[in-house]
Amino acid sequence: KLDQIIAFSGIEDFIDTPVKRYSSGMYARLGFSVAAHVDPEVMLVDEVLSVGDYVFQNKCVERMREVISGGTTVLFVSHNLKTVAEFCHRCLLLERGRTVITGPAQEVISAYLDRSRSAHAGDSASMPVRITKVGVRNEHGECTRFRSGEKAWIDVEVTARARCSKLSLSLYITDDEYRNVFDTSTERLGLGNFTLEEGEV
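Here the residue numbering is sequential within each chain, running from 1 through the sequence in written order. Reporting in this predicted model follows two pLDDT cut-offs: at least 70 for local features of residues, and 80 or more for side-chain atom pairs to be given and counted; totals over whole chains, interfaces and linings ignore these cut-offs and use all residues. Side-chain measures were taken over the full set of non-hydrogen atoms in the model, leaving aside hydrogen atoms and water.

Trainee: Looking at this structure, how should I read a nonpolar patch on the surface?
Mentor: Judged by side-chain polarity, Ile 131, Val 134, Val 136, Phe 146, Ile 154, Ile 173, Val 181 and Phe 182 come together as a nonpolar surface patch covering roughly 650 Å² of accessible area. Contributing elements (two or more residues each) for the nonpolar patch: β5 (129-138) and β10 (180-185). Going along the chain from the N terminus, every DSSP run of H or I of four or more residues is numbered as a helix, and every run of E of two or more is numbered as a strand. Residue contributions to the nonpolar patch peak at 3 residues, all from β5. By the secondary structure assignment, Val 136 is in strand β5. Patches draw on residues past 30% relative accessible area with no salt bridge. Two like charges within 9 Å are joined, as are two nonpolar side chains (Val, Leu, Ile, Met, Phe, Trp, Tyr) within 5 Å. For the accessible areas, the method is Shrake-Rupley and the probe is 1.4 Å, while residue cover comes only from the protein chains on display. A side-chain nitrogen of Lys or Arg and a carboxyl oxygen of Asp or Glu constitute a salt bridge if their distance falls within 4 Å.

Trainee: Just checking my understanding: could you explain the packing of helix α2 (residues 24-37) against helix α3 (residues 54-69) for this structure?
Mentor: A pair of packed helices can be characterised by two numbers: the angle between their axes and the separation between those axes. At a minimum axis separation of 10 Å, α2 and α3 run at an interaxial angle of 20°. On the basis of their axis angle, the class for α2 and α3 is roughly parallel. Here the hand of the crossing between α2 and α3 comes out left-handed. Residues Arg 29, Phe 32, Ala 36 and His 37 of α2 form the contact with α3, whose participating residues are Phe 56, Cys 60, Arg 63, Met 64 and Val 67. Each residue is assigned to one class: nonpolar for Ala, Val, Leu, Ile, Met, Phe, Trp, Tyr, Cys and Pro, charged for Asp, Glu, Lys and Arg, and polar for all the others, Gly among them. Of the residues in the contact of α2 with α3, the class split is 6 nonpolar, 1 polar and 2 charged. Only C-alpha atoms enter the line fits that serve as axes; for helices the fit covers just the stretch in contact. Angles between N-to-C directions range over 0 to 180 degrees. With respect to orientation, any angle under 35 degrees is reported as roughly parallel, any angle over 145 as roughly antiparallel, any angle of 65 to 115 as roughly perpendicular, and every other angle as oblique. Less than a right angle of anticlockwise turn of the near helix away from the far helix marks a crossing as left-handed, whereas a clockwise turn marks it as right-handed. Contacts are residue-level and defined by heavy atoms, with any inter-residue pair within 4.5 Å sufficient.

Trainee: I tried to follow the pattern of salt bridges on my own but got confused; where do I start?
Mentor: A side chain with one charge can pair with a side chain of the opposite charge if their charged atoms come near. Evaluated as defined, the whole model comprises 8 salt bridges. In the salt-bridge network here, residues are joined through shared partners; they are Glu 62, Arg 65 and Glu 86.

Trainee: Just checking my understanding: could you explain the side chain of Ser 9 for this structure?
Mentor: Residue position: Ser 9 is located in helix α1 (residues 2-9). Two N or O atoms count as a polar contact when they lie within 3.5 Å, although within protein this holds only if one can serve as hydrogen donor and the other as acceptor, and sequence-adjacent residues are included solely when both atoms are side-chain atoms. A polar side-chain atom of Ser 9 sits 2.7 Å from the main-chain carbonyl oxygen of Ile 6. If we skip the residues at most four places from it in the chain, Ser 9 touches Arg 29, Leu 30, Ser 33 and Phe 56.

Trainee: Would you explain the packing of aromatic side chains in this entry?
Mentor: Each aromatic ring pair is summarised here by two numbers: the centre-to-centre distance and the angle between the ring planes. Here a Phe, Tyr or Trp ring, Trp counted by its six-membered ring, pairs with any other such ring whose centre lies within 6.5 Å, and the pair is stacked when the planes are under 30 degrees apart, edge-to-face when over 60, and tilted otherwise. A complete count under the given rule lists 4 aromatic pairs for this structure. Ring centres of Phe 8 and Phe 56 lie 5.9 Å apart, and the angle between their planes is 65°; this geometry places the pair in the edge-to-face category. Of this pair, Phe 8 sits in helix α1 while Phe 56 sits in helix α3; the two residues are 48 residues apart in sequence, bridging distant segments of the chain. We call a residue buried when its accessible area falls under 20% of the maximum for its residue type, exposed when it is over 50%, and partly exposed in between, using a 1.4 Å probe and counting protein chains only. By relative accessible area, which is 12% here, Phe 8 ends up buried. Clustering of aromatic rings is evident, with ring pairs tying together Phe 8, Phe 32 and Phe 56. The rule is short: NZ of Lys or CZ of Arg within 6 Å of the ring centre and within 35 degrees of the ring normal puts a charge over the ring. For the cation-ring pair, Arg 29 lies above Phe 56, with the distance from its terminal atom to the ring centre recorded as 4.3 Å. Looking at Lys 59, its charged tip hangs above the ring of Phe 8, at a distance of 5.0 Å from the centre.

Trainee: Quick question: what am I supposed to make of the sheet that holds β5 here?
Mentor: Across a sheet, paired strands are connected by hydrogen bonds in the backbone, their directions being either parallel or antiparallel. On the basis of which strands lie adjacent, the open sheet formed by 3 strands has the order β6-β5-β7 and antiparallel pairing. Each edge of the sheet is formed by a strand with only one pairing partner; in this case those strands are β6 (141-142) and β7 (153-160). Only when DSSP finds a minimum of two bridges between them are two strands counted as paired. As judged from the 8 bridges shared by β5 and β7, these two strands associate in the antiparallel manner. Paired with Gly 135 across the two strands is Asp 155, which belongs to β7.

See the structure below:
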């Protein structure tokens, strides 16, 4: 299966290069290609879909679907919630090597997000800058539903407890399956970094 493995990995041009000169991405591509073509009974996949370009990631997804439909047990380790929701029927949430919760994928993903929010809220108490208010509105005022093509504004209020410079605000919107729908930042919008004095909003 050597030719299939090499073709799948997409590194045909470098296959005669000594492996010690491979980048970490090339190692991961070749490693996944080998694992995906040896017909294993159990396959452990650890964050491999974060490697490579969009085309290679899609090839990995399709290959994993083939492997799963062929009856192979796949243990998929990832922080990519979209892919976890897409592939996994059951999930296990680990924290510092200990089991937090096991169960249906959506239930475990919700628990993970709840824990992340709680931890972030705890951390933000000691941060010099924190988000104090978020609002969503259309042309007529606050709302939670929008028609396709309708303009939407997201107002984010940030309060400084101490002077802070080189601040930037990033915004990510995801759908119910945690796929990225939209993202932007104050820098991308051409506003650059900004500074807040103590107590400034």
